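Residues per chain are reported as follows:
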Amino acid sequence: MKRFVLIFVISVLALSSGAQSKYALAIHGGAGVIEKSKMSEASQKLYREALEHALYVGDSVLRNGGTCSEAVVCTITELENCPLFNAGKGAVFTNRGTNELDASIMKGCNLSAGAIAGVTDIKNPIVAACEVMENSEHVMLCGAGASEFAKTRGLEIVDPSYFYTEDRFRSLQKAKEQEKKIDKHGTVGCVALDQFGNLAAGTSTGGMNNKKYGRIGDSPIIGAGTYANNQTCAVSCTGHGEYYIRLGFARDISALMEYQKLDVKEACREEIRKLSVLNGTGGVIALDRDGNIAMEFNTPGMFRGYIKSTGEKAVAMFGE
């Protein structure tokens, strides 16, 4: 909290001395078999409200002079606290009936990054990832070591039973019966451009439903599931992580913009094309330094939304 207050004060002072006024923020709540015909009106309403609330939180941080990384952390924390999404409270179960959480964050201004993987007792993994970035010499910590570090930083540690939700547990039982591991309500992420022209990206997940052997996907891997560079864009991914790792998906979008001079939408579409060629599935959100937003996916739907300083805002779930 002290760190947030300090950054907020510095941000307000910088803003008063001539920083740019525009900002933008985009979020995703997973991509997959999200079909309108298979979701009740009540369920659609719950997801829409959750996405809109997360956007409101992020917008409040940016509108009041907060930094892009603070906006990313605050926004993803809200999504982690919502049991509708596969992150934090709503994390899916492993084959052993446990919850293993991953998260990462990256700043575009200096390429600093932090990530945690395979943790079972940190309430908000994105906060822990930020602590790794800001207050350690490392980029990624995993398992018990990550939890030990989180305790030294005063983060909220919970009993693993906190992550239990009946809906996710039923999904595990069904997955075991059908041997179908991919859950349709996935990973959460956020990309933000603040009023100082800086970009940041973050991603948080419970991984694959029914995963085995300590599997870790792309979400905590910088350059695969998360990437940010002020010269190009901020990227957060969701989907079948193994393919995103093989492609270096998030970093490749930045490279397409840097070396081939594609715009952010063109770069995201090209990377989704590469994903499709490999028969991988998923989606991506990205934001460039001018506030242009891309939201691309090759699945029936992706929970997503964005908001800009101009007041422009949108929330969508299906292929519209």
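Residues numbered from 1 in each chain as written. Predicted model: local features only at pLDDT ≥ 70, side-chain atom pairs only at ≥ 80, totals over all residues. Heavy atoms only, no water.

(A) Quick peek at helix α4 (residues 125-135). Most of α4 sits inside the fold, with eight of its 11 residues counted as buried. If you check which residues of α4 are buried, you get Pro125, Ile126, Ala128, Ala129, Cys130, Glu131, Val132 and Met133. (Buried < 20%, exposed > 50% of the residue type's maximum accessible area, 1.4 Å probe, protein only. Helix = DSSP H or I, 4+ residues; strand = E, 2+ residues; numbered from the N terminus.)

(B) Representation of helix α5 (residues 143-152) within the structure. Within α5, burial applies to Gly143, Ala146, Ser147, Phe149 and Ala150. Across the axial projection of α5, the buried residues extend over an arc of 160°, all falling on one side. Across from the buried face of α5, at angles greater than 90 degrees, the exposed residues are Ala144, Glu148, Lys151 and Thr152. Taken from the residues just after α5, glycine 154 is the one with a positive phi, measuring 80°. (Arc of directions from axis to C-beta.)

(C) Here's a closer look at the nonpolar core. Counting 50 residues, the largest nonpolar core has Leu25, Phe85, Ile105, Ile116 and Phe303 as the members making the most contacts within it. Per-element tally for this core: the top contributor is helix α2 (residues 41-63), with seven residues. Residue contacts for phenylalanine 85: discarding those within four places in its chain leaves Gly29, Tyr47, Ala50, Leu51, Leu79, Gly90, Ala91, Arg168, Gly186, Val188 and Phe303. Among the nonpolar cores identified, the runner-up in size contains 37 residues, and Leu193, Leu199, Phe249 and Val284 belong to it. (Core = buried A, V, L, I, M, F, W, Y, C linked by side-chain atoms within 4.5 Å. Contact = heavy atoms within 4.5 Å.)

(D) Here's a closer look at the environment of threonine 75. Locating threonine 75 in the fold gives a position in helix α3 (residues 68-80). Linking threonine 75 and tyrosine 56, residues 19 residues apart in sequence, is a C-alpha distance of 8.4 Å. Those residues in contact with threonine 75 that lie beyond four places of it in its chain are Leu25, Ile27, Ala54, Val57, Gly58 and Cys190. Separated by 2.7 Å, the side chain of threonine 75 and the backbone oxygen of alanine 71 make a polar contact. (Polar contact = N/O pair within 3.5 Å; in protein donor to acceptor, adjacent residues only side chain to side chain.)

(E) Representation of the sheet that holds strand β12 (residues 313-316) within the structure. Here we have eight strands laid out as an open sheet, ordered β4-β3-β2-β6-β5-β1-β11-β12, and mixed in their pairing. Of all strands in the sheet, those with a lone pairing partner are β4 (140-142) and β12, marking the two edges. The sheet shows a mean angle of 10° between the axes of neighbouring strands, direction not considered. Pairing of strand β1 (residues 24-32) with strand β11 (residues 301-308) involves seven bridges; the strand directions are antiparallel. When the bridges of β11 are listed, alanine 31 appears paired with methionine 302. Against the sheet, α3 makes contact with β1, β2 (101-107), β5 (188-193) and β6 (199-205), and its axis sits at roughly 155° relative to β5, the strand it touches most. (Pairing = 2+ DSSP bridges. Axes fitted to C-alpha atoms, helices over the stretch in contact; angles between N-to-C directions.)

(F) Here's a closer look at the pairing of strand β8 (residues 233-239). Burial analysis of β8 places six of its seven residues in the buried class, which makes it a mostly covered element. Here three bridges tie strand β7 (residues 226-228) to β8, and the two strands are oriented antiparallel to one another. The residue bridging tyrosine 227 from the neighbouring strand is valine 235, located in β8. Turn length for the β7-β8 hairpin, with the two strands adjacent in sequence and antiparallel, is four residues. Relative to strand β9 (residues 282-288), β8 runs antiparallel, the two being bridged by seven bridges. Bridging from a neighbouring strand, cysteine 233 pairs with aspartate 288 of β9.

(G) Geometry of the side chain of lysine 107. Checked against the element boundaries, lysine 107 lands in strand β2. For lysine 107, a relative accessible area of 17% gives the class buried. Apart from residues lying up to four places away in sequence, lysine 107 is in contact with Ser69, Ser112, Met133, Glu134, Leu199 and Ala228.

(H) Quick look at the environment of glycine 283. Its location among the elements puts glycine 283 in strand β9. In the structure, glycine 283 is positioned 19 residues away from methionine 302 in sequence and 7.0 Å away in space, judged by C-alpha atoms. Setting aside its immediate chain neighbours within four residues, glycine 283 contacts Ala31, Cys237, Thr238, Tyr244, Ile272, Glu296, Phe297 and Met302.

(I) Focus on the packing of helix α8 (residues 249-259) against helix α9 (residues 264-277). Their axes nearest at 9 Å, the elements α8 and α9 cross at an angle of 135°. In terms of axis orientation, α8 runs oblique to α9. By crossing handedness, the relation of α8 to α9 is classed as right-handed. Residues Phe249, Asp252, Ile253, Leu256 and Met257 of α8 pack against Val264, Ala267, Cys268, Glu270, Glu271, Ile272, Lys274 and Leu275 of α9. Partitioning the contact of α8 with α9 into residue classes produces nine nonpolar, no polar and four charged. (Parallel < 35°, antiparallel > 145°, perpendicular 65-115°, else oblique. Left-handed = near helix turned anticlockwise from the far one by under 90°. Nonpolar A, V, L, I, M, F, W, Y, C, P; charged D, E, K, R; others polar.)

(J) Spatial organisation of the packing of α3 against α4. At a closest axis distance of 8 Å, the pairing of α3 and α4 adopts a crossing angle of 150°. On the basis of their axis angle, the class for α3 and α4 is roughly antiparallel. Residues Val73, Ile76, Thr77 and Glu80 of α3 touch α4, and the partners they reach there are Pro125, Ile126, Val127 and Cys130.

(K) Geometry of the packing of aromatic side chains. Summed over the entire model, instances satisfying the criterion amount to eight aromatic pairs. Taking the centre distance of 4.4 Å and the plane angle of 10° together, the rings of tyrosine 47 and phenylalanine 303 count as stacked. Linking tyrosine 47 in helix α2 with phenylalanine 303 in strand β11, this pair joins segments that are 256 residues apart in sequence. In terms of burial, tyrosine 47 and phenylalanine 303 fall into one category: buried. Between the aromatic rings of phenylalanine 93 and phenylalanine 169, the centroid separation amounts to 5.5 Å while the plane-to-plane angle is 75°, which identifies the pairing as edge-to-face. Taken together, the positions of phenylalanine 93 in the loop between α3 and β2 and phenylalanine 169 in helix α6 (residues 166-178) put the pair 76 residues apart, joining distant regions of the chain. (Phe/Tyr/Trp six-rings, centres within 6.5 Å; stacked < 30°, edge-to-face > 60°.)

Function-wise, these values are silent; they only describe arrangement.
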